[in-house]
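If you want the building blocks of each chain, they are given just below.
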Amino acid sequence: MMIHPPYRFIREEDLPPCLFNMNKVNHWFRRGFCCVCTEAKTRTSGPIEADTCTSLIKQCGTSLHSLKTFHASMLKSHLHRNLHFLTNLIAQYASLGSVSYAYSLFSSTPSADLFLWNVMIRGLVDNSHYDHAILLYKQMLRLGIQPDNFTFPFIIKACSCLRHFEFGIRVHQDVVKFGYQSQVFISNSLITMYGKCDKYELSRQVFDEMPEKNAVSWSAIIGACLQDDRCKEGFSLFRQMLSEGSRPSRGAILNAMACVRSHEEADDVYRVVVENGLDFDQSVQSAAAGMFVRCGRVEVARKLFDGIMSKDLVTWATTIEAYVKADLPLEALGLLKQMMLQGIFPDAITLLGVIRACSTLATFQLAHIVHGIITTGFFYNQLLAVETALIDLYVKCGSLTYARKVFDGMQERNIITWSAMISGYGMHGWGREALNLFDQMKASVKPDHITFVSILSACSHSGLVAEGWECFNSMATDFGVTPRPEHYACMVDILGRAGKLDEACDFIERMPVRPNAAVWGALLGACRIHLNVDLAEMVARALFDLDPYNAGRYVILYNIYTLTGKRKEADSIRTLMKNRGVKKIAGYSVIEIKNKLYAFVAGDRSHPQTDLIYSELERLMDRIRQEGYTPDINFVLHDVDEETKESMLSLHSEKLAIVFGLLNLGPESVIRIRKNLRVCGDCHTATKFISKVTGREIVVRDAHRFHHFKNGACSCRDYW
């Protein structure tokens, strides 16, 4: 049977430019031989002997120029006509990353030799041309060339890297059809592929049906558990592997470390590391440091990290990421500084982790430092992602001005970039600006469900009811976006904040999906604003069933009862919380002074400047009283006398942090406060007066939004 050349099956439009230079291909079609060969003849050297050809090809393993020169000599000696030598040449070109040369040589050889096809498929996969490896595999089958146990692992890897589940299933069927289902390496590849395609049950089925397993099998199934967030099961499999006497591979240990969630598990895994002589392996040590950080054993992690003699970028990045994920942003930033002092510049992935850490801290000075790193760095491949993250960082640090500067200076934007800027305007109460930007976006980019959450939230924070309805109604009709529960929650919030509680209730009744905790939570928040006790009780009952351990729901109902004089009902909520083991989150405020963070709680006396803070606070409270401030004792929820209530109000964490900022920041500096809970009404009023009597701008970020206080007014216009 005559085998037709591959170009008859793979269409030109299916191939990227890196695989074919079309001028050369046309030349090949006209002349009937490989374009690479004709080009190489201009650099011929002396003839070579057949018995040394293969070894000489392998000696060109580091230089593409040397390989091309040797290729020219092969042409002169006609050794390129030998299929064995040609296959080795193709493999060598592919190993040096020159897929175009490898594929041109392969395409010029109308051979059904399976080894040749396997070499070409492997070359494509090794160079990340996964789609084209799959095309070549399909062509093999059409030509009647039967794949073997060397073909399948590479094709399965291509499916795995592309998350191509449907074709992966087809390849699995071929594995069974051709009788290779009992091959360990193929089964290992299938386990990994199904895991990456989020089909853990199929990974486990392949694993359980394997007649024999090796160390890679265990590593693959533990990795599949990790991919599906089944850390407990993954660690259980690791223990099972050890109990069955299997020696763990390096990969299995690394996957098991990623599954660890407790001190005891961390100690057990590290004991296995030492027993297997991997305690000096740099990547294992780096992963172990991350494991101990995640378990709260920071001192152990740092000792391991410091013990790594020659730290590369991967080591630094892994540990920094571990600190970020463990919610230890200051430690992550400290490592970044130490890394750069040693002359190692962060890559985009590391920097994105650092930006997340800065976002958690919401510190303006650190945002400037990160911005400087981005400006001087080289992040061409991921510049869009880094700049988008920087916009989000500036937004969370309270600086829309800098966020917009970054946005306006970007060479390209995607839907995430637009959504981040729109969301930023919404968080700061600039609803009109958010709508203007939304209109600009629609001219070039189609909004998605995330964008609509951003714009609806912006309408909610600014009281733009009609505009909110317009955006909501346009989702499905104009953009084909089906509303999700979060969009319904935004609309309930828009209506509820505006006092349209009956309309909000009608809207919930007409929802085509069952209301979730977010929807009811938005309505309960509106009940607090407008002190609607009856509706709050009804909504709270639904929330206590849907979200029984969310302390915030209980606190809102407790506050409503207290503010409306229903002390008995308020006490019953406290009792219910106690019986259910629900604890109220303690409020605190954070302020940054000279790149250092200071946290305050109500009545805090732990700071070295406590006496100075309290004396200045007393003077400040007297000044704002003279300007017309009257303490709102309704925001003290304890059953004490009025004088004590006033004293307790003055010691709220926001006020302590603001006074500390007044004492330690220059007169031109903006005072930036971060509060983990919603700012109380009395602190909101007091801060307006403080901004007036001191002439200072104060920015407060609470759990829901930003408040910019200046000259006695707040950017929220008291709509919050």
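Residues numbered from 1 in each chain as written. Predicted model: local features only at pLDDT ≥ 70, side-chain atom pairs only at ≥ 80, totals over all residues. Heavy atoms only, no water.

So, on to unusual backbone geometry. Excluding glycine, most residues fall at negative phi; most peptide bonds, likewise, are trans. The backbone phi angle of Arg163 is positive, close to 55°, even though this residue is not glycine. Looking at where Arg163 falls in the secondary structure, it is placed in the loop between helix H9 (151-162) and helix H10 (165-177). Taking relative accessible area as the criterion, Arg163 reaches 45% and is therefore assigned partly exposed. (Helix = DSSP H or I, 4+ residues; strand = E, 2+ residues; numbered from the N terminus. Buried < 20%, exposed > 50% of the residue type's maximum accessible area, 1.4 Å probe, protein only.)

What follows concerns the sheet that holds strand S6 (residues 713-714). The six strands are arranged S2-S1-S3-S4-S5-S6 in an open sheet whose pairing can be described as mixed. Each having just a single partner strand, strand S2 (596-600) and S6 make up the two edges of the open sheet. Here strand S5 (residues 706-710) runs beside S6; their pairing, made up of two bridges, is antiparallel. Note that in S6 the partner of Phe709 across the bridge is Cys714. (Pairing = 2+ DSSP bridges.)

Under the present numbering, the feature "repeat: PPR" (unreviewed entry) in UniProt falls on residues 113-147, 214-248, 312-346 and 414-444. Secondary structure across residues 312-346 comprises 74% helix and 0% strand; the distance between its end C-alpha atoms is 11 Å. What you have in residues 414-444 is 81% helix and 0% strand, and the ends, taken at the C-alpha atoms, are 10 Å apart. (UniProt positions renumbered as here; feature names shortened; annotations may be inferred.)

Applying the stated criterion to the full structure yields zero disulfides. No disulfide involves Cys490; its sulfur sits 9.4 Å from the nearest other cysteine sulfur, which is in Cys459. Of the residues examined, Cys490 reaches a relative accessible area of 11% and is grouped as buried. No disulfide involves Cys527; its nearest neighbouring cysteine sulfur is the one of Cys505, lying 7.2 Å away. (Disulfide = S-S within 2.5 Å.)

This part covers helix H18 (residues 298-306). Among the residues of H18, Ala301, Leu304 and Phe305 are the ones counted as buried. Seen from one end, H18 has its buried residues packed into an arc of 100°, which puts them on one side. Facing away from the buried surface of H18 by more than 90 degrees, the exposed residues are Glu299 and Lys303. For H18, the elements touching its buried residues are helix H16 (263-275), helix H17 (282-294), helix H19 (313-325) and helix H20 (329-341). (Arc of directions from axis to C-beta. Contact = heavy atoms within 4.5 Å.)

Moving on to the environment of Met538. Within the fold, Met538 resides in helix H32 (residues 533-546). Met538 gets classed as partly exposed once you look at its relative accessible area, which sits at 34%. Considered as a pair, Met538 and Leu524 are 14 residues apart in the sequence and their alpha carbons are 9.2 Å apart.

This part covers helix H7 (residues 114-126). Owing to its 3.6 residues per turn, the α-helix brings residues three or four apart onto one side. Under the 1.5 Å per step criterion, the end-to-end length of H7 is 18 Å for 13 residues, consistent within 8% with the ideal 18 Å. All of the buried residues in H7 are Leu116, Trp117, Asn118, Val119, Met120, Ile121, Gly123, Leu124 and Val125. Following H7 by one or two positions, Ser128 has its phi on the positive side, about 65°. (Expected span 1.5 Å × (residues − 1).)

For the rest of this paragraph, the subject is the pairing of strand S1 (residues 589-593). Burial within S1 is extensive, with five of its five residues counted as buried. One ladder, built from five bridges, connects S1 with S2; its direction is antiparallel. Bridge pairing in S2 links Ile591 to Tyr598. Counting the residues in the hairpin turn of S1 and S2 gives two residues, including Lys594, whose phi is positive at 50°. As judged from the three bridges shared by S1 and strand S3 (residues 671-675), these two strands associate in the antiparallel manner.

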